[in-house]
Amino acid sequence: YEESLTDGLQVLRYNKTTAYIPHLDWIDDYQKQQEHDFDTEHLGSNRFATILLYMSDLKEGAGGETVFSHGWPPNQPEEDRVQFQDALEALRNSGDVSTMLKKNSWEEKMVARCRSRLNIRPHSSRAVLFYSQNPDGTPDNNSMHGGCPVIHGEKWAASKCMI
């Protein structure tokens with residue numbers, strides 16, 4: 001571990017309805033117009049891996065999960081996978097978020113995505129490590145992730161990115 005090859009530790013606080021859109025921890029510079037370096041005080045470089053540390057507990061159904069939008073829950077048979085439209089319809093029928101999120105908002109769609117794709121519920125002392133690059137240095141699109149809206153409670157986490 002070399003401190004100079006990491007971004008600073010970021011502490012994250014998510015209040016009710018706070019979320020983070022799905023994204024890659026990757027700098028898109030396919031035209032090679034920016035000169036990346038390993039100095040995080042300057043431009044920095046692409047992140048090789050990210051570790052997300054959870055510092056609070058959220059109960060089942062409270063939201064706040066980290067969702068990997070291209071992933072399916074492991075060991076889930078293909079016939080049991082919940083498609084996005086089905087998850088969205090079930091969410092609307094449940095009334096879980098109808099008073100706090102607007103219909104067709106990106107936040108409502110995030111909750112449906114969180115209920116249909118690979119997600120990790122916050123639990124204090126739990127950590128998630130994922131890689132942003134393939135071994136050849138290209139972006140790993142399977143690392144597309146986001147923070148699901150918090151429905152009940154508050155989420156605290158910290159992230160550390162390796163470059």
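In this report, we go over the structure that sits alongside the text. (Residues numbered from 1 in each chain as written. Predicted model: local features only at pLDDT ≥ 70, side-chain atom pairs only at ≥ 80, totals over all residues. Heavy atoms only, no water.)

## Observations concerning the packing of helix α1 (residues 84-94) against helix α2 (residues 106-114)
Running from N to C, α1 and α2 point in directions that differ by 115 degrees, and their axes come no closer than 8 Å. When the axes of α1 and α2 are compared, the pair comes out roughly perpendicular. Note that α1 runs across α2; the crossing there is right-handed. Contacts between α1 and α2 involve Phe-84, Ala-87, Leu-88, Leu-91 and Arg-92 on the former and, on the latter, Glu-108, Lys-109, Val-111, Ala-112 and Arg-113. Looking at the contact of α1 with α2 residue by residue, the class counts come to six nonpolar, no polar and four charged. (Axes fitted to C-alpha atoms, helices over the stretch in contact; angles between N-to-C directions. Helix = DSSP H or I, 4+ residues; strand = E, 2+ residues; numbered from the N terminus. Parallel < 35°, antiparallel > 145°, perpendicular 65-115°, else oblique. Left-handed = near helix turned anticlockwise from the far one by under 90°. Contact = heavy atoms within 4.5 Å. Nonpolar A, V, L, I, M, F, W, Y, C, P; charged D, E, K, R; others polar.)

## A closer look at the environment of Ser-159
Mapped onto the fold, Ser-159 is located in strand β8 (residues 155-162). Residues Ser-159 and Thr-50 lie 109 residues apart in sequence; the distance between their C-alpha atoms is 6.9 Å. The contacts of Ser-159, once residues within four sequence positions are left out, are Gly-8, Leu-9, Gln-10, Leu-12, Ile-51 and Leu-52.

Coordinates in, geometry out; function isn't part of it.
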